[in-house]
Amino acid sequence: MKCPRCVQRIHRAAASCPHCGFTLADADARFGAEEVHIRSLTDSAGILRRGDRPRVEAAMEKITRRFPQLFVAIYTGSLGEVANIRQFGFWLLNRSAFEDVPVQKPNEAGILITIDPESKAAGMVFGYLLDPFLEESDTFDCLSRAHAYWLEGRYADGIVRVLHHLDGILCKRSRQARRDPEHFQRKVVLPAQMGDLVRRIRAGHHPSPEEQETEEVRR
Amino acid sequence: MKFLPATLAAVFLTATATALEEPALPTWHGKERAELEAKGWIPGALLLSHDPIPDEPAKPEPLQVEQPKPGEIAGDLKPSPEIAEKFLPAYFAERPKNFLVDPQGLLNPSDYRDRLSFLNYHASDSSIDLFVYVIGGDQEIPSAVREEEMIERFFTEGRPAAIVYYYLGAPQRSVVYLSPSITTSVSAAEQRRALESSVMQAFEKTKPSEQFEKFLVQMSIRIYWMERMLAGETAAASTPSIIATAGAGHAKSAKLIWLQALALKALIPATILFGAFLTALGFHHWLRLRARYRFPEFEVEPRLGGAHAAGVGAVISFASAALPPASQRDQVPDYLRRA
């Protein structure tokens, strides 16, 4: 887990980045603190051609169908000189309300791909549901599949490739999680605090409720 | 312009007619000829005269070759004696117990055993049995015996069979009959071809016992093709190749037949297995396409004040076609990049 601003590693429950102090409030200050209503495929930059939209939507739909908990959102837009695509993605997934995504699917289950054709950069952000299952390297693998297409300006082809590869990675992670859920749980569960440890040791010396009842009956 | 083609045609025809005229032959001038005769030699005089060539040897007298004896002339076999009456019941009284019928003992015991074992093997491998009556090369079946009637009586019931009257040492006299159950399915032409090819194979050898062996092997192969015809399959065009390979000897042919039969038997199970495998593969693929994947939901502490997400993934730049994607992975902190 890395900070969107300083790209340094942060711990599991950091309220702010221990290196640069970044929080969502900083992003709010830059992009706005209000909720944003957008559709899951928003092409603000206008990079998708007429026939491209159905193909991209079909690829998004495929992931939604195979992974009923998840949804995919794509945003293309020019972020300007001052904006950082990493911070923007982080902010957008936290502040947006996707109009065409069912309400039972919160943004925690979302995967957002942001493309800025002006600065020629793309990024991927995912919600807390996928936090234990996706690594930064996985997202880089997906994005690098589209690199050749995006260089040529074939954005839809690139997006389809990204989603296809993402589909494969998610299938693999899902199977791994079914086999060994503890492995992934360990990634997100907070390490035991000293107080918890002492409490558990003491609890081991105390009689269980059943034993206590038995002793009371004897008396 | 319109007379041009006619003019060209006329010129062409005239030129052709002129070319077709033969030039006149050269003639001697009297003086030149006299000079050459005086020298004693005229070029070409030998070829152009009808005089006998000097010093030519006389024609040799034709060689005196002994005339062939009547017995040595092919096809001059005179079927003399009829089969002795004492053997007739063993031949024609009942349906034969063995596939090889030789009551006269024309085959020596070793050959008899080998041929019988081959016929037994054929019967175990084929649905059409092969019964062979061995008769002497110069013998005749008595006219009282009516072969067709006998075959109808003995071979109407039971497994289909091909019955061969084989004349030992004279395979060209052999006759083949089919049991009534398959006569309609296998044409007379096919029967004739089977017999002809078997006789041809037999004639590759000179010894009667070897001829008999070759005959049986080829007949067995042809029966295999009849069997295929019965099963509704067209006789394959590869028949000649089978005939050709039959010359490699009894063991090889038997092995070939066995392999063909094995391949034929294994074809259907193999096809079924392959089909089942493809179906299973398709079904597996279909299941995988329809599969729904779920992730276990764990309690995750929010980070950086984000209520829904803080899983910041990779950022990639696609500004340069010269650099690989890995080199364009954006890992630069915001404040450094802006500086």
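This is a predicted model, so every value here is computed, not measured. (Residues numbered from 1 in each chain as written. Chains lettered and ligands numbered in written order. Predicted model: local features only at pLDDT ≥ 70, side-chain atom pairs only at ≥ 80, totals over all residues. Heavy atoms only, no water.)

Caption draft 1: Inspection of the overall build of chain B at higher detail. Across its full length, chain B carries twelve helices and five strands. In chain B, buried positions account for 34% of the 339 residues. In chain B, the proportion of contacts linking residues at least 24 apart, taken out of those at least 6 apart, comes to 64%. Total accessible area on chain B stands at roughly 22000 Å², and carbon and sulfur atoms take up 62% of it. (Helix = DSSP H or I, 4+ residues; strand = E, 2+ residues; numbered from the N terminus. Buried < 20%, exposed > 50% of the residue type's maximum accessible area, 1.4 Å probe, protein only. Contact = heavy atoms within 4.5 Å. Areas by Shrake-Rupley, 256 points an atom, 1.4 Å probe, with all protein chains shown as cover.)

Caption draft 2: Quick peek at the interface of chain A and chain B. Contact with chain A, which involves 73 residues of that partner, is made by 46 residues of chain B. Taken together, the two surfaces of chain A and chain B that pack against each other cover about 5300 Å², and 60% of this comes from carbon and sulfur. On inspection of chain A and its partner chain B, the count reaches one salt bridge. Across the salt bridge formed by Asp131 of chain A and Arg303 of chain B, the nearest N and O atoms sit 2.6 Å from each other. Considering only residue class, the side of chain A that touches chain B consists of 42 nonpolar, 16 polar and 15 charged. The pairing of strand β6 (residues 121-126) of chain A with strand β5 (residues 311-317) of chain B spans five bridges and is classified as antiparallel. Bridging from a neighbouring strand, Ala122 of chain A pairs with Ile316 of chain B of β5 of chain B. (Buried area = accessible area lost by both parts, 1.4 Å probe. Salt bridge = Lys/Arg side-chain N within 4 Å of Asp/Glu carboxyl O. Nonpolar A, V, L, I, M, F, W, Y, C, P; charged D, E, K, R; others polar. Pairing = 2+ DSSP bridges.)

Caption draft 3: Structural detail: the nonpolar core. The biggest cluster of nonpolar side chains holds 76 residues, and the ones touching the most others in it are Leu70, Ile74, Ile115, Leu130, Trp150, Leu163 and Leu170 of chain A. Those residues in contact with Leu130 of chain A, other than ones at most four positions away along the chain, are Leu70, Glu108, Ile111 and Leu170 of chain A together with Phe295 of chain B. Phe131, Leu168, Val217 and Trp225 of chain B belong to the second largest nonpolar core, which has 55 residues in total. (Core = buried A, V, L, I, M, F, W, Y, C linked by side-chain atoms within 4.5 Å.)

Caption draft 4: Local environment of unusual backbone geometry. Residue and element names in this part refer to chain A. The backbone of Val7 sits at a positive phi, close to 55°, despite the residue not being glycine. The backbone of Lys120 sits at a positive phi, close to 50°, despite the residue not being glycine. Structurally, the position occupied by Lys120 is in the loop between β5 (110-116) and β6. Residue class for Lys120 comes out partly exposed when judged on its relative accessible area of 30%.

Caption draft 5: Broad picture of the pattern of salt bridges. Residues and elements named next belong to chain B. Summed over the entire model, instances satisfying the criterion amount to 24 salt bridges over all chains. Across the salt bridge formed by Asp111 and Arg115, the nearest N and O atoms sit 3.9 Å from each other. Pair noted here: Asp111 and Arg115 are both in helix α5 (residues 109-125), with a separation of four residues, about one helical turn. Of the two residues, Asp111 and Arg115, neither departs from the other in class, the shared state being buried. The residue Glu149 makes a salt bridge to Arg146 at a minimum N-O spacing of 3.6 Å. Judged by its relative accessible area of 44%, Glu149 falls in the partly exposed class.

Caption draft 6: Geometry of the pairing of strand β2 (residues 129-136) of chain B. Residues and elements named next belong to chain B. β2 sits mainly inside the fold: eight of its eight residues count as buried. Every second residue of β2 is oriented toward a common face, with Asp129, Phe131, Tyr133 and Ile135 on one face and Leu130, Val132, Val134 and Gly136 on the other, all of them buried. Examined bridge by bridge, strand β1 (residues 100-101) and β2 share two bridges and lie parallel to one another. Following the sheet pairing, Leu100 is matched in β2 by Val132.

Caption draft 7: The arrangement of the sheet that holds β5 of chain B in detail. The five strands lie next to each other as β2(A)-β3(A)-β5(A)-β6(A)-β5(B), forming an open sheet whose pairing is mixed. The open sheet has two free edges, formed respectively by β2 (41-43) of chain A together with β5 of chain B, since each of these has just one partner strand. Adjacent strand axes in the sheet meet at a mean angle of 10° when their direction is disregarded. Summarising the sheet, β5 of chain A and β6 of chain A pair through six bridges and their orientation is antiparallel. Looking at β6 of chain A, one finds that Leu112 of chain A is bridged to Val125 of chain A. Here helix α2 (residues 52-66) of chain A sits on the sheet and contacts β2 and β3 (71-76) of chain A; the angle it forms with β3 of chain A, its principal contact strand, is near 150°. (Axes fitted to C-alpha atoms, helices over the stretch in contact; angles between N-to-C directions.)

Caption draft 8: Seen up close, a nonpolar patch on the surface. Taken together, the side chains of Phe274, Phe277, Leu278 and Leu281 of chain B define a hydrophobic patch exposed on the protein surface, amounting to about 430 Å² of accessible area. Mapped onto the fold, Phe277 of chain B is located in helix α11 (residues 250-290). (Patch = residues over 30% accessible without salt bridge, like charges linked within 9 Å, V, L, I, M, F, W, Y side chains within 5 Å.)

Caption draft 9: How the structure looks around the packing of α2 of chain A against helix α6 (residues 155-179) of chain A. Residue and element names in this part refer to chain A. Contact geometry for α2 and α6: axes closest at 9 Å, N-to-C directions at 10°. Relative to α6, α2 is oriented roughly parallel. Residue-level inspection shows Asp52, Arg55, Val56, Ala59, Met60, Lys62, Ile63 and Arg66 of α2 in contact with α6, the latter providing Ala156, Asp157, Ile159, Val160, Leu163, His164, Leu166, Asp167, Leu170 and Cys171. (Parallel < 35°, antiparallel > 145°, perpendicular 65-115°, else oblique.)

Caption draft 10: Geometry of the sheet that holds strand β3 (residues 161-168) of chain B. Residues and elements named next belong to chain B. The sheet built from four strands is open, its strands ordered β1-β2-β3-β4 with mixed pairing. Bordering the open sheet on either side are β1 and β4 (175-178), each of which pairs with just one other strand. Seen against the sheet, helix α6 (residues 147-155) touches β2, β3 and β4 and runs at an angle of roughly 140° to β3.

Caption draft 11: Spatial organisation of the packing of aromatic side chains. Taken as a whole, this structure holds 25 aromatic pairs over all chains when the rule is applied. Between Phe133 of chain A and Phe184 of chain A, the ring centres sit 5.1 Å apart and the planes meet at 45°, which makes this aromatic pair tilted. With Phe133 of chain A in the loop between β6 and α4 (136-145) and Phe184 of chain A in helix α7 (residues 181-188), this residue pair connects regions lying 51 residues apart in the sequence. By the burial criterion, Phe133 of chain A is buried, and Phe184 of chain A matches it. One residue, Arg173 of chain B, lies across the ring of Tyr167 of chain B, its end atom 4.1 Å from the ring centre. (Phe/Tyr/Trp six-rings, centres within 6.5 Å; stacked < 30°, edge-to-face > 60°. Lys NZ or Arg CZ within 6 Å of the ring centre and 35° of its normal.)

Caption draft 12: Structural view of the packing of helix α1 (residues 24-31) of chain A against helix α3 (residues 85-95) of chain A. Residue and element names in this part refer to chain A. It is the contact of α1 with α3, at a shortest axis distance of 10 Å, that shows an interaxial angle of 95°. Accordingly, the angle class assigned to the pair α1 and α3 is roughly perpendicular. Facing Leu24, Ala27, Asp28, Arg30 and Phe31 of α1, the residues of α3 in contact are Gln87, Phe88, Phe90, Trp91, Asn94 and Arg95. Within the contact of α1 with α3, the residues separate by chemical class into six nonpolar, two polar and three charged.

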